[in-house]
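Residue strings, one per chain:
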Amino acid sequence: MKSFTFYNPTRLHFGNGQIARLADEIAPGSRVLLVYGGGSVKKNDVYAQIMAALAGSEVTEFGGIEPNPEFDTLMKAVALGREQRPDWIIAAGGGSVSDGAKFIAAAIDLDPALDPWLIVGNRIKLESAVPLGVVLTLPATGSESNLASVITRSSTHDKISFKNPLVFPRFAVLDPAVMATLPPRQVGNGVVDAFVHTTEQYLTFPAQAHIQDRLAEGILATLAEVGPNLLTAQDDEARANVMWAANQALFGLVGVGQPQDWATHAIGHELTALYGLDHAQTLAVTLPSLLRYCIAEKEAKLVQYANRVWGIPGSGPGVAAAAIEATADFFERMGVPVHLGAYGIDPDQAATRVQEQLIRHGRADLGEHGRLSPADCAAIVRAAG
Ligand code: NZQ
Ligand code: ZN
């Protein structure tokens with residue numbers, strides 16, 4: 001196992017009714033900038049619960065953060081925040097709202113002479129950020145308790161991340177009851193995203209990190225077991241376990257001391273930037289194809305995954321291949337298609353365009369060995385047709 005430093009400062013309030021804990025987190029009289037997405041929080045009772053808990057605070061609202069949050073939209077919130085000087089930003093939503101709020105928190109505090117777009121790609125040093133709290137409404141990204149954020153600029157086909165400990169949320173509320181209003185497409189997306197976060201930190205090569213392997217296998221097996229129940233039943237147990245699984249997949253612990261891949265995410269971000277696909281749709285398309293392409297170098301872990309997660313016994317390339325097909329079948333059962341054709345996208349064109357984007361973004365050495373070139377990624381995309 002490689003050396004590591006593990007750090008995560010986010011306090012988690014997990015369970016039904018926990019949105020009320022905002023009243024403990026935010027001192028009365030605080031200035032709060034409440035940010036949310038397209039309005040789901042007002043159609044269910046999340047917004048009402050937040051406003052009740054923040055009754056003693058001075059709240060300014062900013063709504064309209066899109067899925068795959070847009071730089072131009074976020075800059076409007078930054079302008080509002082620079083006037084209001086909030087003590088807190090509260091994000092109410094899924095990964096897009098949480099990621100958008102991280103960007104807003106960092107950009108408000110930035111020297112106004114600097115271009116905030118330089119925050120993405122970590123091209124500028126951040127000195128501070130407004131304290132952030134997240135009320136999660138869609139379990140998927142783990143953004144509610146990690147230091148990452150992914151921002152989109154559709155006009156230039158850019159979808160780029162930044163990471164900084166200053167934007168770790170100070171706290172997050174994970175109330176599984178909020179999942180009741182999720183449309184099936186977002187349920188499927190959330191389960192697939194959490195699954196792929198785990199495989200990116202697990203399906204590489206053996207590194208004698210036994211605890212992290214077992215954590216990953218526990219998350220994957222739980223998602224495989226209870227994820228489909230969310231599509232057919234109002235299942236409180238499944239909701240709670242999926243919400244916790246998605247958080248655990250990307251709050252930092254699963255990947256410590258492990259080799260990591262993340263090529264599926266890099267390719268996926270380009271597919272979203274080019275075609276507007278949902279984040280998890282890009283992962284469902286890319287991961288099975290990437291695993292087939294890299295089956296030889298990943299065989300040992302694929303066999304372990306087959307044995308321990310899918311209960312497929314034995315060893316060798318046939319068992320590794322069976323685990324890949326079980327994965328693709330699972331994504332399809334979650335309602336997230338694994339072929340580009342299902343989204344009306346031509347695989348040859350997508351392969352060429354993804355290759356160009358990866359070159360433009362300097363992503364020439366992907367995968368756990370740094371050996372996947374843009375041409376390799378193009379082959380992976382083409383084979384996902
Ligand atoms: O905008 P509203 O009206 O709230 O509706 C949202 C949105 O349309 C809806 N929704 C959320 N909670 C709901 C609900 N609808 C009904 N009831 C609820 N309780 O779901 C739609 C999608 O929301 P979004 O936040 O876009 O989804 P997700 O959580 O999948 O986030 C995706 C974004 O996160 C980034 C992705 O790239 C993408 O931009 N990621 C962030 C990561 C991180 N920070 O660590 C890691 C991930 O790999 C990922 O890249
Ligand atoms: Zn993801």
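Nothing here was measured: the structure is a model prediction, and the numbers come from that model.

Asks: Would you explain the site of ligand 1 in this entry?
Replies: Close to ligand 1 lie 32 residues; Gly38, Ser40, Ser96, Lys159 and His197 are nearest. At a separation of 3.2 Å, an oxygen atom of ligand 1 approaches a polar side-chain atom of Asn68. The separation between an oxygen atom of ligand 1 and a polar main-chain atom of Gly95 is 2.7 Å. Out of a free accessible area of 970 Å², ligand 1 has 89% covered by protein chains. Listing elements by their share of the shell around ligand 1, those giving two or more residues are helix H5 (95-108), strand E6 (148-153), helix H6 (184-200) and helix H10 (263-275). For the shell around ligand 1, the residue count by class is 10 nonpolar, 19 polar and three charged. Summarising the domain contributions, the shell around ligand 1 has at least three residues from each of domain 1 (11-177) and domain 2 (184-383).

Asks: Before we go on, may I ask you to explain the coordination of the zinc ion (ligand 2) in this structure?
Replies: Ideal geometry at a metal centre gives angles of 109.5 degrees when four donors are arranged tetrahedrally and 90 or 180 degrees when six donors are arranged octahedrally. On the protein side, the zinc ion (ligand 2) has Asp193 (OD), His197 (NE2), His265 (NE2) and His279 (NE2) as donor atoms, found 2.0 to 2.1 Å from it. Since its relative accessible area comes to 3%, His197 is described here as buried.

Asks: Please clarify how the domain arrangement of the protein should be interpreted in this entry.
Replies: Reports often express the size of an interface as the amount of accessible area lost when the parts come together. Domain annotation of the protein identifies domain 1 (11-177) and domain 2 (184-383). For domain 1 versus domain 2, the separation of C-alpha centres amounts to 27 Å. With 21 residues of domain 1 in contact, the opposing surface of domain 2 contributes 24 residues. Summed over both sides, the interface between domain 1 and domain 2 buries roughly 1,900 Å², with carbon and sulfur atoms accounting for 60% of that surface. The largest contributions to the domain 1 side of the interface with domain 2 come from Pro139, His157 and Lys159, which together make up 30% of the buried area.

Asks: Any chance you could explain the side chain of Thr137 here in plain terms?
Replies: In this structure, Thr137 sits in the loop between strand E5 (132-136) and E6. Its relative accessible area of 9% is what places Thr137 among the buried residues. For Thr137, the side chain forms a polar contact with the main-chain nitrogen of Gly94, separated by 3.5 Å. In this structure, Thr137 is in contact with Val41, Val46, Ala92, Gly93, Gly94, Val178 and Leu182, ignoring residues within four places of it in sequence.

Asks: Looking at this structure, how should I read the packing of H6 against helix H9 (residues 236-249)?
Replies: To characterise two packed helices, one gives the angle between the axes of the helices and the distance between these axes. Contact pair H6 / H9: the axes reach a minimum separation of 9 Å and the direction vectors enclose 35 degrees. H6 and H9 meet at a crossing whose hand is left-handed. Of the residues in H9, those in contact with Val191, Ala194, His197 and Thr198 of H6 are Val242, Ala246 and Ala249. Class assignment of the residues belonging to the contact of H6 with H9 gives a composition of five nonpolar, two polar and no charged.

Asks: I tried to follow the pattern of salt bridges on my own but got confused; where do I start?
Replies: Summed over the entire model, instances satisfying the criterion amount to 15 salt bridges. The residue Arg85 makes a salt bridge to Asp109 at a minimum N-O spacing of 3.4 Å. Of this pair, Arg85 sits in the loop between helix H4 (71-84) and strand E4 (88-93) while Asp109 sits in the loop between H5 and E5, and the two are 24 residues apart along the sequence. Of the residues examined, Arg85 reaches a relative accessible area of 41% and is grouped as partly exposed.

Reading the values: the criteria
- Residues numbered from 1 in each chain as written.
- Chains lettered and ligands numbered in written order.
- Predicted model: local features only at pLDDT ≥ 70, side-chain atom pairs only at ≥ 80, totals over all residues.
- Heavy atoms only, no water.
- Near = heavy atom within 4 Å.
- Polar contact = N/O pair within 3.5 Å; in protein donor to acceptor, adjacent residues only side chain to side chain.
- Areas by Shrake-Rupley, 256 points an atom, 1.4 Å probe, with all protein chains shown as cover.
- Helix = DSSP H or I, 4+ residues; strand = E, 2+ residues; numbered from the N terminus.
- Nonpolar A, V, L, I, M, F, W, Y, C, P; charged D, E, K, R; others polar.
- Domains from an automatic or database assignment.
- Donors = N, O, S within 2.8 Å, 3.2 Å for Na, K, Ca; no water.
- Buried < 20%, exposed > 50% of the residue type's maximum accessible area, 1.4 Å probe, protein only.
- Contact = heavy atoms within 4.5 Å.
- Buried area = accessible area lost by both parts, 1.4 Å probe.
- Axes fitted to C-alpha atoms, helices over the stretch in contact; angles between N-to-C directions.
- Left-handed = near helix turned anticlockwise from the far one by under 90°.
- Salt bridge = Lys/Arg side-chain N within 4 Å of Asp/Glu carboxyl O.

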